[in-house]
Structures are given as structure tokens and as C-alpha cells.
Amino acid sequence: MVISEKPTAAKKIAHALDESGAPQEIKRGKTSYFQCKRGANDLLVVHALGHLYELKQTEKGWKYPRLETEWVPRYEVDKKAKNVKPIISLIKKLSKEAEVFVVATDYDIEGSLIGYLTLKYACRTNPEDAQRMRFSTLTKNELQMAFDEQLGGLDFQMIESGHVRHEIDWLYGINLTRALTLAIKKAAGWFKIVSTGRVQGPTLTFVAERDQEVNVFVPLPYWIIVANGLYQGLELELEYSEKRIERKEKAEAVVADVKGKTATVQNVKKRKISQPALPPFNLSSLQSEAYRHFGFKPSRTLAVAQKLYLDALISYPRTSSEKIPESVDTKSILDSLGKMRNYKSIVQAILDSGKLVPRQGKKSDPAHPAIHPTGEKAERRLSSAEKKVYDLVVRRFLAAFGEDSIRETIRADLQCEEHIFYLRGIKTLKPGWTDFYGEYASREERELPRLTVGNQLQITSVENEEKTTSPPARYNPSSLLKMLERESLGTKATRSGIVDSLKSRGYTLNDRFEMSNLGYAAYETLQRYVPQLLSTEFTRGLEEQMERIQGRERSREQVLTSAKNDLLNLLESFKEREGEIGQALVAGLKRFWKEKEEIGPCPKCGSGTLLIIRSPKTGKRFVGCSNYRETGCDQTYPLPQKGSIQPLDKKCEYCGHPMLRVISRGRSWETCVNWADCPGRQDDLKELERRRKKNDQ
Amino acid sequence: MTSEETVPDDLCSVCGRRIQADLLCEYHHKALQNLRGAFNDWQHAMAIDWTTYLDRLEETEGVGDWVLEIIEFIKSQSDPSELTQPPT
Ligand SMILES: [Zn+2]
């Protein structure tokens, strides 16, 4: 039995391993598996669906601390994971006939853990006896080689490391979310889920600190000199030697001094810059470049790259490596790419140059090479996003075979009175690899006429322009991801998800990472009462411990025990001050709701917030749940269509729903959001109905 | 019942957070300090008085939200206190 990670991977593997290249797909209800023949072996290729098993607390109760867990089928803890049930049943049934088990999930921490858990809980076999296929692309050749020649045992260090990462993330996520949520419940009686996770604290801190710098920023004025000169009938833009002039008087004096004068060339400097090719992509450089050129969020780039990998078009994308080792057959990849219209001429140029060794970067990865194309042709129409990422990967790969690009910069210094101006030019002498990288390489060109010392230039226009300094740049998804990487927080597989979670949890408002009041409520409270949770050092310390498992320096039990102890201490000190913490969070939430026309927690789903919404179709307003789009919570309440509505910080004495003040036609009254169904307000409703009828007559 | 709510003494006059100094929270206090500090730089750069300075900033791009809130707060004070005056 060969266990793959996803249905698409199963199909690729089955087609590669079946001798006739035509495996039989056998449907079983909503799932399926493949039967293949390879030599004397009959193979069953089954698939998981990402994780089939998830952690669950062993003690009961939505409380904290909860430190003991067990693995259970994912559908037991995640109602949306119903589709996992038939898959587990099928694997259980088929495994009874299997003699040998081969794990063929993605070769990384997550994939290794998925394989291990499937063996242990679905196949009920000893993972020590199982075999592992190791591959970086889903191409026929590599899969066959991985199966025929390179099978080995499971990588238990990787499994342990993934195992402990899951446990620790679960422990921190579950317990901290409950601690925050229950503190609010005790303080105000609301049930509003405030979720947080292990790496989210430091991430929130980066964003909060930048947000604060932006919010307290006062711009300062400065002046620049904008000047043009005429040389041999050519209008040239001059650059004043002082980039920013701090006083208005001085800027005005420069203009007065040089107006209508001539400037003389004092000096001409030329410099050659030789730039070697950029190294092949790893995940983070791919994400950063895709953001720069296409505006794709890192999580989107990862998802697209993952699809291209499953189609065997590119190699495994979750890699840190910037190297293409000799084991990758670059010649045959180049030959295949050379058959594609877009890349034909580039490949020809590379083959002509005879340099068939790509440039290598510094970073490496024990499990996978740098991201590169396989040379296979797409068997389906790619989406426009997929085409873009694919083209970027191919061109970056091809560029690595290119020679250095050589550029020349020129700076002429001109004197006018006691002022110095510059003329700058830049041109490409030899494009080298930038020709292969195409429009992704920046190749600004600015021509300068031939200038020699003593040449004169007539100043035709000169002005000063007032400017003000800019606040520090906010994070974008790409720069925040880089920050996490630089600080060694999270893994290449989890970082883009952590970045997205700030927005999906309401802590930031948009992709510019402006903090919401909810974000500040959480940040300020944690900073005051449990600062470790926001601390980079604390979180990174744990990351290092987990990495040491993979290097066999520490055992999973040691790391887990110390993480549990730290967490327990944290939770105990949290509990002691639960009242204060709850009050602080509630105060922050109230600010949040006041500002955003938010009414209070949603009584139906618990995690959403009731909002005043205007229907884009009818223009009518009503109260709905903020989770409508994400989880489909369809709780709504009608609202009066006229007058202004203010949320109040209290609850209805009859039904417990949040209260509102309505001000309309000079009258102001209080009611609850549930007024249409509230048992205490039926008389008011009848009265209202009676009055409306009277008005209509 | 009155609809006008007055801010309790221990909360920031601008946003209702806990007070750090000068009747303001940590954030608005920092914004005020920056506002006053930058006034010296503006005066060094050009001839400008405190009121014109505040008006100018309200129209300048890049001014922080908390700084704008502080400017609005200063302008709303009817009797000038030390807090709202230019630094000397
Ligand atoms: Zn404040």
C-alpha cells in the first residue's frame, strides 16, 4: 500500500508506478484508490486529505488549563471535515490486505507526520516497518526512482519534530484563546471568542509597534531643488547635491544664486557594476518576487505553487534551498523547456553558451532543492495566476544559467556659483542573465550625452519645491512574512497563514496592517498582564527547542514537558488576574464596537460580532453577523429604517440581547436588537403597528 | 437618563484609555510630545506660529491619526491650558 497526501498526488504516483502507465481507479462511495502492477508487486495507491487525524483534549470541558491530548479522526473535532471519514474507512479496510506500507506524502515535516499518523491509526501497523518514498517533483522518472532505488525507513526525527509542533501549537492556541475568552465572559457576561496562537503574539507586536510609529508621526518640512539645463540643444534634469534642504530661506537662496547662470562640468566619474545572476527561488524569495510583480499575498503564491507542484510542473515549493544539486538533470529540463514557444530562444542561448551549471545561492535545505521547473507540459489549462507563477519560476531558473550583467553608471559634477549639481546616467553594457529573466529584471536606462571637464550647461529653469517627510512604511503581507523569517518565528509552511490570521481574526483592518481597536484591545491587555506572549525571545526559544529535536539534541518529551510547564505558569498567573484582564479586554472591545457600529457578540455562533449592515441590493439596513462570509452564520435582526442607531453597553432585561438607542423624528427610545421577537416588547410592537396604520390613513 | 457621557478622571480625555501623563494615555501623550517637539523643527525651517502650524498639519499628508486627534482636542479646549500651548 502506497499512502499519498492528496488525491491529485495519488493519481500522479499511480500513473508513474503502474507498468502499463494505466492504473485502475476504483471508486468507493465518495472516495477512490488506484490498483497498479509493478514487477511482482500489486500496489494499492491510497490518499489522505492533508491531515486525517487531529489533536483533542482528553479531559472534558471548555476550560483551561487543558494540557493532555490524544489523536482522533479529524471529523471528531472539525465538523467541516466530514469528507475525511470515508477516506479513513477505506484505508482501514484496504490495509488489512496489505503486506508492505510505503509512505509517499510530501517529503517535509507535515507530510511525514501525516504518513506516520495514517500508518499508526488507520493502517494500525508499526511505522518502524514502513518504507518511505523521497521525492521533490511528481514527475514519472523521479517517482519511479524513489520507489525502485531509494526506499528507506521513515524519518522519525522529522516526525517527532512535526508531532511536537502540533502539540505545542495546540496547547498554546487552545489554552490562550480560552483564557482570553473566559476572562471576557466573567467580566461582562459576553461570549466573544478572542483567538490567539503561539506565534501570533510577536507578529501582533511587530504590527502594533509600527502602527504606533505611524499614528504618532509628525512630518517635517524640507525643500528640494528642481532644475533643468540645456546642453547642445538637449534638455537635461539636474540633481542638486544636497538632497533635502532643511530651511526655506536656504532653498530660496539657491534658486536666486543659480537662476539664469551657466554650470560647468568639473568632473566625470564612470563606474562598471557587474551583477551576478540571482540564485534560484526558495519559497520565501518566490513569495517576495510574486508580491512585487503580481501583488500576490504570500499565502496565495504558496497555494498556486502547490498546485503547480501537484501537476508535476515545478518541484516541491516548501523549500529553503537556493541550490540546484547535480542530481537534478538540468540538461533534460532545458531540452524540454526549449520545446515551449516562450522559452525556446532563451534555452537556445543557454545551450549555445555551453554553461550548463546554474548559479547556486547560499541557503540550503536538507530535504529539497531550490524551486525549479520540471520541463513537463501542463495537461490542463492553467489559470492566469498559475501561468504567472509558472513563468516566474521558469525564467528565474533560466536566469541562473546566465552570465553576469554589466552596467555602467556615470556621474558628472557641475558647479554653478558655489553650488554643485549632478547629472546621472546609467546604461547596460552586457545584459547577461537579465535577458533571460525578462521583464522581472529591473533595467532602468538613462542616456547621457558625452560630457568632458569644462563643458558648460545653461540653467533653463530652477525652482524650490516644499515637501514633508513620510511616516515609516506599514507592513505589507510580504514584508511581514520576511520579518517573521528574519526573527526565526514559525516555519516556511506556517508563516503565510500566520500573516493572514491577523486580518481574519479582526486584529488588523486591511492588507496594509492597520491595527483595529480589537487588535489594540488584545495587544494592550497582553502587554500589561502576560508580556511573554508578545515576546519574540520567548516564542523563538520554543522554536529553537523544537528544531533541536530534528537535530536529535533533545527528545520530544523533554521539549513538550518544558513547554507545558511554561504554559502552566503563564496560565496560573493569568488566572490570578483574570478579573482585571477581563475588564481591560472588555474596555477595549467596547471601543472597538463603538467605532465600527458593532453591537455585541453574536448569540448564535459565539465567535462573530453583530454589525449594522446595509444591503447592497435593497439599501435597507439590518443587523447581521460578521461571520456570515466565513462560516455562513446567518443570524440577522431587522432594524427600523429611519433615524440614527447607537449601540448601548447593556443588555435587554427580557431576552438578554444587546440594547440600542434609536433616534428618529425628534424622539429617542431604547430597544433591544431582538425587538421583533422579544417577549417583553410585543405590546410596544402592537402600539407601533397601531400608530403606523393611523398615520397611513 | 442623560445621553452626554463625561469621561472619568483616570481615563484619557481623547480616547478613554488609562492615563499615562498630562491627562492623556500613553499613545496620545506620545503624540502630543511629538507635536510639540516637531514645532521647533518647523520654526527652524520657516516662519510659522503655533496656530498656523496646527492648521497646516491638518492638511499635510502623513500626519498620524493620534496626532490629528490631539490637534482636534487642543482646538476644542475653550480656555487655554499649559497642555495646549506651544512649547516655550
Ligand atoms: Zn488616548
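Residues numbered from 1 in each chain as written. Chains lettered and ligands numbered in written order. Predicted model: local features only at pLDDT ≥ 70, side-chain atom pairs only at ≥ 80, totals over all residues. Heavy atoms only, no water.

Here's the deal with the overall build of chain B
The line we're drawing: Runs of H or I in DSSP of at least four residues are treated as helices and runs of E of at least two as strands, each being numbered from the N terminus. Residue burial is assigned from relative accessible area. The probe radius is 1.4 Å, only protein chains are included, and a residue is buried under 20% of its type maximum, exposed over 50%, and partly exposed in between. Two residues form a contact once any of their heavy atoms are found within 4.5 Å.
For chain B, the helix and strand inventory stands at 3 helices and 2 strands. The N-to-C order of helical and strand elements in chain B reads β-β-α-α-α. Looking at chain B as a whole, 36% of its 88 residues qualify as buried. A separation of at least 24 residues holds for 36% of the contacts in chain B among residues at least 6 apart in sequence.

Things to note about the overall build of chain A
Rule in force here: Only the protein chains shown count as cover for residues, and the accessible areas themselves come from Shrake-Rupley with a 1.4 Å probe. Counting rule applied: Lys, Arg positive; Asp, Glu negative; His and chain ends not counted. Lys charges are placed at NZ, Arg charges at CZ, Asp charges at CG and Glu charges at CD.
A count of helices and strands for chain A gives 21 helices and 21 strands. Along the longest, intermediate and shortest principal axes, the C-alpha atoms of chain A span 90 × 90 × 60 Å. Taken across its 697 residues, chain A has 51% of its residues classed as buried. The long-range fraction of contacts in chain A, counting pairs at least 24 apart against all pairs at least 6 apart in sequence, stands at 68%. For chain A, the exposed surface amounts to about 33,800 Å²; the carbon and sulfur share of it is 47%. Taking the average place of the 113 positive charges on the side chains of chain A and the average place of its 93 negative ones, the gap between the two points comes to 5 Å.

Description of a positive patch on the surface
Applicable threshold: In this analysis, a patch consists of residues with relative accessible area above 30% that form no salt bridge, clustered at 9 Å for like charges and at 5 Å for the nonpolar side chains Val, Leu, Ile, Met, Phe, Trp and Tyr. Here, a salt bridge means any Lys or Arg side-chain nitrogen found within 4 Å of an Asp or Glu carboxyl oxygen.
Taken together, the side chains of A:Arg28, A:Lys92, A:Lys93, A:Lys96 and A:Arg124 define a basic patch exposed on the protein surface. The topology assignment puts A:Arg28 in strand β2 (residues 24–28).

Section: unusual backbone geometry
Note that the residue after A:Tyr64, namely A:Pro65, is joined by a cis bond; omega there is -5 degrees. With respect to the helices and strands, the residue A:Pro65 is situated in the loop between β5 (53–57) and β6 (69–73). One non-glycine residue, B:Leu23, lies in positive phi territory at about 65 degrees. Mapped onto the fold, B:Leu23 is located in the loop between β1 (19–21) and β2 (24–25).

Quick look at the interface of chain A and chain B
Let me state the cut-off plainly: Note: buried area is the sum, over both parts, of the accessible area (probe 1.4 Å) each one loses when the two are combined. Definition of a polar contact: a pair of N or O atoms within 3.5 Å, with one able to donate and the other able to accept a hydrogen when the atoms are protein atoms, and with sequence-neighbouring residues admitted only if both atoms are side-chain atoms.
Across the boundary between the two partners, chain A contributes 25 residues, which contact 28 residues of chain B. Interface of chain A and chain B: buried area, both sides summed, is about 2,100 Å²; carbon and sulfur atoms make up 56% of it. Where chain A packs against chain B, one counts 2 salt bridges. Taking the shortest distance from any N to any O, the salt bridge between B:Arg17 and A:Glu524 comes out at 2.6 Å. Inspection of the chain A/chain B interface yields 10 residue pairs in polar contact (both at pLDDT 80 or more). At the level of elements, α6 (200–215), β9 (221–231), β14 (456–468) and α16 (517–529) of chain A are the ones that each hand at least two residues to the side of chain A that touches chain B. Here the side of chain A that touches chain B takes 5 residues from α16(A), the largest share from any one element.

Quick word on the packing of helix α9 (residues 298–310) of chain A against helix α12 (residues 384–399) of chain A
Residues and elements named next belong to chain A. Put simply, the test is: For every element, the axis is a line fit to its C-alpha atoms; helices are fit only across the contacting stretch, and the angle between N-to-C directions ranges from 0 to 180 degrees. Orientation is classified from the angle alone, with under 35 degrees giving roughly parallel, over 145 giving roughly antiparallel, 65 to 115 giving roughly perpendicular, and any other angle giving oblique. Note on residue categories: nonpolar means Ala, Val, Leu, Ile, Met, Phe, Trp, Tyr, Cys or Pro, charged means Asp, Glu, Lys or Arg, and polar means any other residue, Gly included.
With their axes 10 Å apart at the nearest point, α9 and α12 run at an angle of 85 degrees to one another. Comparing their axes, α12 and α9 come out roughly perpendicular. In this structure, α9 uses Arg300, Val304, Lys307 and Leu308 to contact α12, whose residues at the interface are Ala385, Glu386, Val389 and Tyr390. Grouping the constituent residues of the contact of α9 with α12 by class yields 5 nonpolar, no polar and 3 charged.

What to know about the sheet that holds strand β13 (residues 419–430) of chain A
All names here are of chain A. Short version of the rule: In short, DSSP must find at least two bridges between two strands for them to pair.
Read once around its circumference, the closed barrel built from 6 strands follows the order β9-β10-β13-β12-β11-β14, with strand pairing classed as antiparallel. Between one strand axis and the next, the sheet turns through 35 degrees on average, direction left out of account. By the bridge criterion, 11 bridges tie strand β11 (residues 262–275) to strand β12 (residues 405–416) in an arrangement that is antiparallel. For Arg271, the partnering residue across the bridge sits in β12 and is Thr409.

A look at the sheet that holds β2(A)
All names here are of chain A. One open sheet accounts for 6 strands, arranged β2-β3-β4-β1-β7-β8; its pairing is mixed. Two strands bound the open sheet, and with one partner strand each, they are β2 and β8 (131–132). Pairing of strand β1 (residues 2–4) with strand β4 (residues 41–47) involves 3 bridges; the strand directions are parallel. Residue pairing in the sheet places Ile3 in a bridge with Val46 of β4.

Quick look at the pattern of salt bridges
Residue and element names in this part refer to chain A. The final tally for this structure, using the stated rule, is 45 salt bridges over all chains. For Glu289, the salt bridge is made with Arg396, and the minimal N-O distance between the two is 3.9 Å. Of the two residues, Glu289 sits in helix α8 (residues 283–294) while Arg396 sits in helix α12, which places them 107 residues apart along the sequence. Of the two residues, Glu289 and Arg396, neither departs from the other in class, the shared state being buried. Its salt-bridge partner being Lys492, residue Asp365 comes within 3.4 Å of it at the nearest N-O pair. Here Asp365, found in the loop between α11 (344–353) and α12, pairs with Lys492, found in the loop between α14 (477–486) and α15 (495–504); they are 127 residues apart in sequence, far enough to count as distant. A relative accessible area of 28% means that Lys492 is categorised as partly exposed.

Structural notes on the confidence of the model for chain B
Residue and element names in this part refer to chain B. Just so we agree on the cut-off: A residue's pLDDT is the predictor's confidence in that residue, given on a scale from 0 to 100.
In this model, chain B carries a mean pLDDT of 83, and residues with pLDDT of at least 70 account for 82%. Mean pLDDT in chain B bottoms out at β1, which sits at 84, and peaks at helix α1 (residues 26–45), which reaches 95. Counting contacts from residues 1–7, a segment whose pLDDT is below 50, to residues more than four positions away or on other chains yields 5 contacts.

Topic: the side chain of A:Arg38
All names here are of chain A. Within the fold, Arg38 resides in strand β3 (residues 31–38). For Arg38, a relative accessible area of 14% gives the class buried. Of note is the side chain of Arg38, whose polar atom sits 2.7 Å from the side chain of Asp148. What Arg38 contacts, discounting residues up to four positions off in sequence, is Ala16, Leu17, Glu19, Leu43, Gln144, Phe147 and Asp148.

A few points about empty space enclosed by the protein
To find the voids left in a structure, one rolls a probe of water-molecule size over its atoms. All names here are of chain A. Here is the rule we go by: In this analysis, the protein atoms alone were mapped onto a 1 Å grid. Cavities are point sets where a 1.4 Å probe fits without being able to get out; pockets are open sets with protein on both sides within 12 Å along at least five of seven lines; lining residues have an atom within 4 Å of a point. Grid points are joined across faces, edges and corners, and a volume is the space filled by probe spheres set on the points. Domain borders in the structure are assigned automatically or taken from a domain database.
Scanning the entire structure with this criterion turns up 1 cavity of 30 Å³ or more. Approximately 50 Å³ is the volume found for the largest cavity. Looking at the largest cavity, the residues that line it are Glu5, Lys6, Ala9, Ile13, Ala104, Thr105, Asp106, Phe135, Leu138, Gln306, Tyr309 and Leu310. At the level of secondary structure, the elements contributing two or more residues to the lining of the largest cavity comprise α1 (7–17) and α9. By residue number, the principal contributor to the lining of the largest cavity is α9, which donates 3 residues. Of the residues assigned to the lining of the largest cavity, the class counts are 7 nonpolar, 2 polar and 3 charged. Per-domain counts for the lining of the largest cavity show at least three residues from each of domain 1 (2–154) and domain 4 (283–399).

Brief notes about the nonpolar core
Using the following cut-off: The criterion is simple. A nonpolar core is a set of buried Ala, Val, Leu, Ile, Met, Phe, Trp, Tyr and Cys residues joined through side-chain atoms within 4.5 Å.
Counting residues in each nonpolar core, the largest one holds 137 residues, and the members touching the most others are A:Met1, A:Ile168, A:Ile225, A:Leu423, B:Leu35 and B:Tyr53. The biggest single contributor to this core is helix α5 (residues 156–188) of chain A, with 12 residues. Among residues more than four places away in sequence, those in contact with A:Ile225 are A:Tyr240, A:Ile245, A:Ala251, A:Val254, A:Val255, A:Phe421, A:Val462, A:Glu463 and A:Asn464.

What about the domain arrangement of chain A?
Residue and element names in this part refer to chain A. By domain assignment, chain A separates into domain 1 (2–154), domain 2 (163–215 + 474–589), domain 3 (221–276 + 405–468), domain 4 (283–399) and domain 5 (598–696). Summarising the inter-unit geometry, the C-alpha centres of domain 1 and domain 4 are found 27 Å apart. Taken together, the contacts link 13 residues of domain 1 with 15 residues of domain 4. In this assembly, domain 1 packs against domain 4 so that about 1,200 Å² is buried in total across both faces, 54% of it on carbon and sulfur atoms. The largest share of the area that domain 1 buries against domain 4 comes from Lys12, Ser136 and Leu138, three residues that together contribute 39% of it. Where domain 1 packs against domain 4, one counts 0 salt bridges. Along the contact surface separating domain 1 from domain 4 lie 5 residue pairs in polar contact (both at pLDDT 80 or more). In terms of residue class, the side of domain 1 that touches domain 4 is made up of 4 nonpolar, 4 polar and 5 charged.

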